There are 2 protein chains.
Amino acid sequence: MTTTGLDGFALLDETWRAVTPEAARRMLIAAVQAFADKGYHATTTRDIASLAGMSPAAVYIHYRSKEELLFNISLVGHETSLALLSAIEGGDAVQRLENAVAKFAGWHAEFHTTARVVQYELSALSREHHAQVAELRRQIERRMRAFIADGVEEGVFDVPDLKGATLAVLSLCIDVARWYQPGGKRTPDEIGALYADLVLRMVRPAS
Amino acid sequence: MTTTGLDGFALLDETWRAVTPEAARRMLIAAVQAFADKGYHATTTRDIASLAGMSPAAVYIHYRSKEELLFNISLVGHETSLALLSAIEGGDAVQRLENAVAKFAGWHAEFHTTARVVQYELSALSREHHAQVAELRRQIERRMRAFIADGVEEGVFDVPDLKGATLAVLSLCIDVARWYQPGGKRTPDEIGALYADLVLRMVRPAS
DNA sequence: CTCCATACTAAGCGGTTGCTTAGATCTAAG
DNA sequence: CTTAGATCTAAGCAACCGCTTAGTATGGAG
């Protein structure tokens, strides 16, 4: 999961590899960095353009508006984190939940730049774009709830309030994007492991 | 804790009761609502003034700048939530942690409008103001860590990573401000109770 | 009554915003 | 070489930003 030895830009480039042409990708990466750093509304199209090394007008060659840049980031970001959960299979319910929390929390640390935009700029999206992203968020919630429900059915988890526990687990992982700092003491993998342990403690039976 | 039967404005009014004169308080409350709703940078001083029922220039009678409005909100918000934790005493370590999580999470639900500004607009503060608020945040972290450490010393909690657990508990409570909606299924008190239960499960010994 | 501090508004200033236009430059096909 | 299409820049537009200025209303002290 963790791609050590790569700087922030290389990590972002990894996420947005599929975006072409290259200038459009550079623009997206610049937008992610700027939005994550100062917030969507505090970022100007001139900020983005100059970060991408181009003129302000070049933004509008590849994107209809500043909001469309945000939508692209939000969409790909949600799809990526959903794919992470969807890829988890095999093992028992304990291993699957452990895996899910470790990957999901780890992603919010390693790709905290993207994750911050994804999680904290939802309200800046247009009505239609927001609805599209909201559907992805419901799918993410459904996946995580299923991982917990599986263990309850198997009798290895004790969870009095399934929806409440799902909410708390997702919330815990998502909030990593808020406080995580690359220079900190914990690596994304360590955060994933810590959180997986804490969540398993939360759902384990009493004795 | 929960003050049922009061609308959003009355709740805000309760928090900012000490601010005088009345026009300055109305301005602060308008700012909290606008900042929470659209974010600091997307809110204009004209928005705030018109929400308070006054002219744009009236803002500057009572506050030096838009940032000073934010600082006032952030400072009082942090002081309020710190006071919540500081007021907890008596009982055993289990009860104190249960109480602390219930109150702290509950506050982030009930006063989610204020809490959102407090938690998500830190980067909009000036250097000096940010430093002042950061000190309060360190005190909050210290308080919560002490509640957990007490139980470890008494032998009623099993926590392999004290700092990691503290981080997770605070993070869990704080993130309530992001997802909480007044019309939702759970009341602030119910969220507090749910979260207190989940946290106690997280720190209980394996037995 | 006068005097004066306080609280407010109408108008607007300089600067910045998202975005557009007109035109330059490049590449590749005919 | 010519042409067409795509990609970029320089310049700038209308709207809006945080904040200021000049002036008005109010109410209490002397």
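Refer to the preceding data block for the structure.
Just so it is clear, the model here is predicted, and its values are computed rather than measured.

**Q** How do you make sense of the overall build of chain A when you look at a structure like this?
**A** Helix and strand content of chain A: 11 helices and 0 strands. Element order for chain A, N to C, with α for helix and β for strand: α-α-α-α-α-α-α-α-α-α-α. Scaling as 2.2 N^0.38, a compact globule of 207 residues should have a C-alpha radius of gyration of about 17 Å, and chain A matches this with 18 Å. Here the C-alpha coordinates of chain A stretch approximately 65 × 40 × 30 Å along the principal axes. Long-range contacts, defined here as pairs at least 24 residues apart, represent 68% of the contacts in chain A between residues at least 6 apart. Only carbon and sulfur atoms are counted for the fraction: they give 51% of the accessible area of chain A, which is about 9200 Å². Charged side chains in chain A number 22 positive and 26 negative. The centres of these two groups are separated by 5 Å.

**Q** Please clarify how the protein's contact with DNA strand D should be interpreted in this entry.
**A** Taken together, 16 residues lie near DNA strand D, and Ser55 and His62 of chain A together with Thr44, Thr45 and Tyr60 of chain B sit nearest. In DNA strand D, the atoms that sit within 4 Å of the protein are 50% sugar and phosphate, with bases accounting for the remainder. Side-chain polar atom of Arg46 of chain A to a base oxygen of DNA strand D: 3.4 Å apart, as the coordinates give it. Taking Thr45 of chain B, its main chain carries an N or O atom lying 2.9 Å from a phosphate oxygen of DNA strand D. Among the elements of the structure, helix H4 (59-62) of chain A together with helix H3 (45-51) of chain B are those that each provide at least two residues to the surface near DNA strand D. In the surface near DNA strand D, the residues fall into 7 nonpolar, 6 polar and 3 charged.

**Q** Help me understand the relation of the copies chain A and chain B in this model?
**A** One copy of the chain maps onto the other through a rotation about an axis plus a displacement along that axis. At an RMSD of 0.1 Å, chain A and chain B line up after a rotation of 180 degrees and a shift of 0.0 Å along the axis. Both copies are brought into coincidence by an operation consistent with a two-fold rotation axis. A symmetric contact is evident, with 100% of the interface residues of chain A recurring at the interface of chain B.

**Q** Quick question: what am I supposed to make of the interface of chain A and chain B here?
**A** Often, the extent of an interface is quoted as the loss of accessible area on bringing the components together. Contacts between chain A and chain B engage 30 residues on the former and 30 residues on the latter. Of the roughly 2800 Å² buried between chain A and chain B on both sides combined, carbon and sulfur atoms contribute 53%. Broken down residue by residue, the surface that chain A buries against chain B is led by Arg178, Arg201 and Met202 of chain A, which jointly contribute 21%. The tally of links from chain A across to chain B stands at 4 salt bridges. Among the salt bridges present, the one from Arg201 of chain A reaches Asp158 of chain B, with a minimum N-O distance of 3.1 Å. Counting the contacts that link chain A with chain B gives 11 residue pairs in polar contact (both at pLDDT 80 or more). Where the side of chain A that touches chain B is concerned, the elements lending two or more residues are helix H7 (112-120), helix H9 (162-174), helix H10 (176-179) and helix H11 (188-203) of chain A. Here the element with the most residues in the side of chain A that touches chain B is H9 of chain A; it accounts for 7 residues.

**Q** Where do I start with the protein's contact with DNA strand C in this structure?
**A** Thr44, Tyr60 and Lys66 of chain A together with Ser55 and His62 of chain B are the nearest of the 16 residues found near DNA strand C. Across the atoms of DNA strand C situated within 4 Å of the protein, the share located in sugar and phosphate is 55%. In this structure, a base oxygen belonging to DNA strand C sits 3.4 Å away from a side-chain N or O atom of Arg46 of chain B. In the environment of DNA strand C, a phosphate oxygen lies 2.7 Å from a nitrogen or oxygen atom belonging to the side chain of Ser55 of chain B. Mapped onto the surface near DNA strand C, the elements with two or more residues apiece are helix H3 (45-51) of chain A together with helix H4 (59-62) of chain B. Of the residues in the surface near DNA strand C, the class split is 7 nonpolar, 6 polar and 3 charged.

**Q** Looking at this structure, I do not really get the packing of aromatic side chains. What am I missing?
**A** For any two aromatic rings, the description comes down to two numbers: the centre-to-centre distance and the angle of the planes. For the structure shown, the criterion picks out 7 aromatic pairs over all chains. One cation-aromatic arrangement involves Lys66 of chain A over Tyr40 of chain A; the distance from NZ or CZ to the ring centre is 4.5 Å.

**Q** What am I meant to see in the nonpolar core here?
**A** One broad rule of soluble globular proteins: the nonpolar side chains tend to lie buried together. Core analysis: the biggest nonpolar cluster contains 123 residues, and Leu97, Met144 and Tyr195 of chain A together with Leu97, Met144 and Tyr195 of chain B have the highest contact counts within it. Residue contacts for Tyr195 of chain A: discarding those within four places in its chain leaves Val101, Ala105, Leu172, Cys173, Val176 and Trp179 of chain A together with Ala168 and Ser171 of chain B.

**Q** Any chance you could explain the packing of helix H2 (residues 22-38) of chain B against helix H5 (residues 66-86) of chain B here in plain terms?
**A** When two helices pack together, their arrangement is given by the angle between the helix axes and by the axis-to-axis distance. Residues and elements named next belong to chain B. Look at H2 against H5: their axes get within 10 Å of each other, and the N-to-C directions meet at 90 degrees. Regarding the angle of H2 to H5, the classification is roughly perpendicular. Where H2 abuts H5, its residues Met27, Leu28, Ala31, Val32 and Phe35 lie against Lys66, Leu69, Leu70, Asn72 and Ile73. Looking at side-chain class alone, the contact of H2 with H5 contains 8 nonpolar, 1 polar and 1 charged residues.

**Q** I would appreciate a short explanation of the environment of Arg204 of chain A in the present structure.
**A** In this fold, Arg204 of chain A is placed in the segment after H11. By relative accessible area, which is 17% here, Arg204 of chain A ends up buried. Taking the C-alpha atoms as reference points, Arg204 of chain A and Ile191 of chain A, 13 residues apart in sequence, are found 20 Å from one another. Beyond its immediate stretch of four places on either side in the chain, Arg204 of chain A contacts Asp158 of chain A together with Arg201, Met202, Arg204, Pro205 and Ala206 of chain B. At 3.5 Å, the side chain of Arg204 of chain A and the backbone oxygen of Arg201 of chain B are in polar contact. Of note is the side chain of Arg204 of chain A, whose polar atom sits 2.5 Å from the backbone oxygen of Arg204 of chain B.

**Q** Just to check I follow, could you spell out helix H5 (residues 66-86) of chain A for this structure?
**A** The α-helix advances 3.6 residues per turn, and as a result positions three or four apart in sequence lie on the same side. Under the 1.5 Å per step criterion, the end-to-end length of H5 of chain A is 30 Å for 21 residues, consistent within 8% with the ideal 30 Å. For H5 of chain A, the buried fraction is high: 15 of the 21 residues fall into the buried class.

What counts and how
- Residues numbered from 1 in each chain as written.
- Chains lettered and ligands numbered in written order.
- Predicted model: local features only at pLDDT ≥ 70, side-chain atom pairs only at ≥ 80, totals over all residues.
- Heavy atoms only, no water.
- Helix = DSSP H or I, 4+ residues; strand = E, 2+ residues; numbered from the N terminus.
- Rg over C-alpha atoms; globule rule 2.2 N^0.38 Å.
- Contact = heavy atoms within 4.5 Å.
- Areas by Shrake-Rupley, 256 points an atom, 1.4 Å probe, with all protein chains shown as cover.
- Lys, Arg positive; Asp, Glu negative; His and termini not counted.
- Charge placed at Lys NZ, Arg CZ, Asp CG, Glu CD.
- Near = heavy atom within 4 Å.
- Polar contact = N/O pair within 3.5 Å; in protein donor to acceptor, adjacent residues only side chain to side chain.
- Nonpolar A, V, L, I, M, F, W, Y, C, P; charged D, E, K, R; others polar.
- Least-squares fit on C-alpha atoms with pLDDT ≥ 70 in both.
- Buried area = accessible area lost by both parts, 1.4 Å probe.
- Salt bridge = Lys/Arg side-chain N within 4 Å of Asp/Glu carboxyl O.
- Phe/Tyr/Trp six-rings, centres within 6.5 Å; stacked < 30°, edge-to-face > 60°.
- Lys NZ or Arg CZ within 6 Å of the ring centre and 35° of its normal.
- Core = buried A, V, L, I, M, F, W, Y, C linked by side-chain atoms within 4.5 Å.
- Buried < 20%, exposed > 50% of the residue type's maximum accessible area, 1.4 Å probe, protein only.
- Axes fitted to C-alpha atoms, helices over the stretch in contact; angles between N-to-C directions.
- Parallel < 35°, antiparallel > 145°, perpendicular 65-115°, else oblique.
- Expected span 1.5 Å × (residues − 1).

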